[in-house]
There are 2 protein chains.
Amino acid sequence: MQINRETDYAVRCVLYLCGRKDGAITMADEISSAMNVPRSFASKILQKLSRAGIVASHQGVKGGFSIARAPRNISMLDIVTVIEGPLALNVCLESGESCGLSPSCPVHPYWHTLRTGVEELFAELTFDRFLEDRLPGKPMPPRTPLRTKKTTK
Amino acid sequence: MQINRETDYAVRCVLYLCGRKDGAITMADEISSAMNVPRSFASKILQKLSRAGIVASHQGVKGGFSIARAPRNISMLDIVTVIEGPLALNVCLESGESCGLSPSCPVHPYWHTLRTGVEELFAELTFDRFLEDRLPGKPMPPRTPLRTKKTTK
DNA sequence: TAAAACAAGACTATATTAGTCCAGTATTTA
DNA sequence: TAAATACTGGACTAATATAGTCTTGTTTTA
Ligand code: SF4
Ligand code: SF4
C-alpha cells in the first residue's frame, strides 16, 4: 500500500510548476534539478502529465512546460491516477478484471467502499494547499535515486 | 496503490475462521480449499497471522488454526499491517527511512495526514461486518492463482 | 537551417510478488 | 512408544513491476 517513486516525483514536478509566476514556461531540465528528479525520468513523467492535461508542453527552442490548470483544481488523486492508473485497492475493483465470481464475495462491496473513501481523501488535497507553506522557488529535498549512473554495460 | 494478493488471501482465511462455530480448530488444508487459496501459500499466511495473534495455531494430529480474537476486534487495518507491514503511503513515512531532508518538504505533512485518514478507514472495517452477510460455510469465489502448478523444472 | 527543446518508445537492471518445497517439531492415538 | 498428522521455519524460484536510461524523431525559434 504505497505510492511509487514516480508519483512522488510527479507531485514534485507539478508543485514546482504551480510555484512559477503566471504559469511561466519552464524547461524539464530546470524542474529536474530544482526538484531533484532524475533528468530523463522527469521527461517521461512530464509527458504523462501533459497528455493528462495537468501541465501544458511547449516544443521548440523556448519550449518547456507550464501548469495547465489552477493549483486548486489539481488534486493528489489526479496525480496518482495519471501516474498509476485508477486507484483500485484490490484486483476485483479494476475495471476489466474480475475475481472469478466477485458478485458473490462478501468482502467485495467493502473494498469498494474503502476505495471510495480513499479517493475522497486524495481528492480533497489540492495543490493550492501546498503553496500556502511554500513560496515559489524554494529548494526541494533530494530523494536519493536508486540508479543515478547510466547503464555502462 | 493496491493491496497485494497475499493480503486478499489473508482476509479470506480470517473470514473463514471467523465463520466457524465457537472458534473451532480448522486445518490449513480445509481453509485453503474452501477459500481457494493456494495450499502452501495459505500455510505461510496463516503463520504470519498466528505470530500476530490474530489466529491461534495448534500443532499435532488434531491441529489446525482457530480464530484468536472476536471478529469485531479484527480490522482490515490489522490484516494489511500484519501482511504488508505498517501502512506507509510514501517512503518518507516509513519509520527508519527518510527522504534526504523530509522535514523541509512541503508535501510531507500532507502525506502524513492522508496516511492517518486511510488508516482510520481501514480500522473502522471490522470482521463482524462481513458475517452479517455471510453465514458460516458459504463458498468463496475463486481468484485464479498466477501459478497453480508446481515448479516441475 | 541549426540549435534547442519536447515526444515516443524500446530497452534494462534490480526489487518485489506470488508462490513452492523441504527438513524439522509438536501432538495425538493405536 | 512409534507412527501418523499437522504446523514451523526458511530456502528457493519464475514472473512481473519498478525505476530508470537511451535513441531517434519532431517542432519551434532565431
Ligand atoms: S475481495 Fe472478494 S471479489 Fe475481491 S478479489 Fe478478493 S475474493 Fe475476489
Ligand atoms: S513527500 Fe517530500 S519528504 Fe516525502 S518522499 Fe516525497 S519529497 Fe521526500
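Note that the coordinates shown come from a computational prediction; the quantities given were computed from them, not determined experimentally.

Draft legend 1. Spotlight on the overall build of chain A. Looking only at helices and strands, chain A has 6 helices and 2 strands in total. Ordered by position in the sequence, the α and β elements of chain A form the string α-α-α-β-β-α-α-α. Considering only intrachain contacts with a sequence separation of at least 6, the fraction spanning at least 24 residues in chain A is 68%. Summed over its atoms, the accessible surface of chain A is roughly 8000 Å², and 52% of this surface lies on carbon and sulfur atoms.

Draft legend 2. Quick look at the pairing of strand β1 (residues 55-58) of chain A. Residue and element names in this part refer to chain A. Taken together, the 4 bridges between β1 and strand β2 (residues 64-67) define a ladder with antiparallel strand orientation. Bridge assignment links Ser 57 to a residue of β2, and that residue is Phe 65. The turn linking β1 back onto β2 is made up of 5 residues, and Gly 60 within it adopts a positive phi angle of 85 degrees.

Draft legend 3. Spotlight on the pattern of salt bridges. Residue and element names in this part refer to chain B. With the rule as written, the count across this model stands at 10 salt bridges over all chains. Among the salt bridges present, the one from Arg 69 reaches Asp 78, with a minimum N-O distance of 3.2 Å. Note on Asp 78: relative accessible area 24%, which makes it partly exposed.

Draft legend 4. Quick look at the nonpolar core. Phe 122 of chain A together with Phe 122 of chain B are the most contacted members of the largest nonpolar core, which totals 86 residues. Other than its neighbours up to four places away in sequence, Phe 122 of chain A contacts Ser 75, Met 76, Leu 77 and Val 80 of chain A together with Met 1, Leu 89, Trp 111, Leu 114 and Val 118 of chain B.

Draft legend 5. A look at the packing of aromatic side chains. Within the structure shown, the criterion is met by 8 aromatic pairs over all chains. Look at Phe 122 of chain A and Trp 111 of chain B: their rings are 6.2 Å apart centre to centre, the planes differ by 65 degrees, and that puts the pair in the edge-to-face class. Placement of the pair is Phe 122 of chain A in helix α5 (residues 108-124) and Trp 111 of chain B in helix α5 (residues 108-124), with the two residues belonging to separate chains. For Trp 111 of chain B, a relative accessible area of 1% corresponds to the buried category.

Draft legend 6. Structural view of the environment of Glu 94 of chain A. For Glu 94 of chain A, the position within the fold is in the loop between α4 (76-84) and α5. Residue classification places Glu 94 of chain A among the partly exposed positions, given a relative accessible area of 29%.

Draft legend 7. How the structure looks around unusual backbone geometry. Even without being glycine, Asn 36 of chain A reaches a positive phi, approximately 60 degrees. Relative to the helices and strands, Asn 36 of chain A is located in the loop between α2 (28-35) and α3 (39-51).

Draft legend 8. Just the packing of helix α2 (residues 28-35) of chain B against helix α3 (residues 39-51) of chain B, in detail. Residue and element names in this part refer to chain B. In contact at an axis separation of 9 Å, α2 and α3 are set at 115 degrees when each is read in the N-to-C sense. Along this stretch, α2 crosses α3, giving a crossing that reads as right-handed. Of the residues in α3, those touching α2 at Ala 28, Asp 29, Ile 31 and Ser 32 are Arg 39, Ala 42, Ser 43 and Leu 46.

Draft legend 9. Seen up close, helix α1 (residues 5-19) of chain A. In a regular helix each residue adds 1.5 Å, so 15 residues correspond to 21 Å; α1 of chain A covers 21 Å between its end C-alpha atoms and thus fits that length. Within α1 of chain A, 14 of the 15 residues are buried, which leaves the element mostly enclosed by the surrounding structure.

Draft legend 10. Main features of the side chain of Arg 115 of chain A. Residues and elements named next belong to chain A. You can see Arg 115 is positioned in helix α5. The charged side chain of Arg 115 is buried without a salt bridge, its nearest counter-charge being Glu 119 at 4.3 Å. Among residues more than four places away in sequence, those in contact with Arg 115 are Leu 87, Ala 88, Leu 89 and Leu 93.

Draft legend 11. Examining the side chain of Thr 126 of chain B more closely. Residue and element names in this part refer to chain B. Mapped onto the fold, Thr 126 is located in the loop between α5 and α6 (128-133). Residue classification places Thr 126 among the buried positions, given a relative accessible area of 13%. Looking at Thr 126, its side chain comes within polar contact range of the side chain of Asp 128, at 2.5 Å. Excluding residues that lie within four positions of it along the chain, Thr 126 makes contacts with Pro 71, Arg 72, Ile 74 and Ser 75.

Draft legend 12. Expanded view of α3 of chain A. Residues and elements named next belong to chain A. When the terminal C-alpha atoms of α3 are compared, their 19 Å separation across 13 residues agrees well with the 18 Å that a helix rising 1.5 Å per residue should span. Of the residues making up α3, those classed as buried are Ala 42, Ser 43, Ile 45, Leu 46 and Leu 49. Contacts from the buried residues of α3 go to α1, α2, β1, β2 and α4. Where α3 terminates, the next one or two residues include Gly 53, which has phi positive at roughly 80 degrees.

Draft legend 13. Representation of the confidence of the model for chain A. A residue-level look at chain A finds 80% of positions with pLDDT of 70 or above and a mean pLDDT of 85. Per-residue pLDDT stays below 50 along residues 148-153 of chain A; that stretch engages in 0 contacts with residues further than four places along the chain or on separate chains.

Draft legend 14. Looking closely at the packing of α1 of chain A against α4 of chain A. Residues and elements named next belong to chain A. Interaxial distance between α1 and α4 falls to 9 Å at its minimum, and their mutual angle equals 130 degrees. One way to sum up the angle between α1 and α4 is to call them oblique. In the crossing of α1 with α4, the sense of the turn from one axis to the other is right-handed. Contacts from Glu 6, Thr 7, Ala 10, Val 11 and Val 14 in α1 reach Met 76, Ile 79, Val 80, Ile 83 and Glu 84 in α4.

Definitions and cut-offs
All residue numbers here refer to positions counted from 1 along the written sequence of the relevant chain. As a convention, the first chain written is A and the first ligand written is 1, with the rest following in written order. Totals for whole chains, interfaces and linings use every residue, but because this is a predicted model, local features are given only for residues with pLDDT of at least 70 and side-chain atom pairs only at 80 or more, for both listing and counting. Where side-chain values are given, they derive from all heavy atoms of the structure, hydrogens and water being excluded. The numbering of helices and of strands both runs from the N terminus, where a helix is a DSSP run of H or I of at least 4 residues and a strand a run of E of at least 2. Any pair of residues with heavy atoms lying within 4.5 Å of one another is described as a contacting pair. Only the protein chains shown count as covering a residue, and every accessible area follows the Shrake-Rupley method with a 1.4 Å probe. DSSP calls a pair of strands paired once it identifies at least 2 bridges connecting them. Any carboxyl oxygen of Asp or Glu within 4 Å of a side-chain nitrogen of Lys or Arg constitutes a salt bridge here. Burial classes: relative accessible area under 20% of the type maximum marks a residue as buried, over 50% as exposed, and values in between as partly exposed (1.4 Å probe, protein chains only). Here the nonpolar core consists of buried residues drawn from Ala, Val, Leu, Ile, Met, Phe, Trp, Tyr and Cys, with membership extended through side-chain atoms lying within 4.5 Å. Only Phe, Tyr and Trp rings take part, Trp by its six-membered ring, and two of them pair if their centres are within 6.5 Å. Stacked means planes under 30 degrees apart, edge-to-face means over 60, and tilted covers everything else. To obtain each axis, a line is fitted to C-alpha atoms, and for helices this fit is confined to the stretch in contact; angles are then taken between N-to-C directions over 0 to 180 degrees. Each crossing gets its handedness from the near helix: less than a right angle anticlockwise from the far helix is left-handed, clockwise is right-handed. The span one expects for a helix is its residue count, reduced by one, times 1.5 Å. Working convention for charge: Lys and Arg count positive, Asp and Glu count negative, and His plus the chain ends are omitted. Counting of polar contacts relies on pairs of N or O atoms within 3.5 Å, with two restrictions inside protein: one atom must be capable of donating a hydrogen and the other of accepting it, and residues adjacent in sequence are counted only when both atoms are side-chain atoms. Each residue carries a pLDDT score, the predictor's confidence in it, ranging from 0 to 100. When an angle is under 35 degrees it counts as roughly parallel; over 145 it counts as roughly antiparallel; between 65 and 115 it counts as roughly perpendicular; any other value is oblique.

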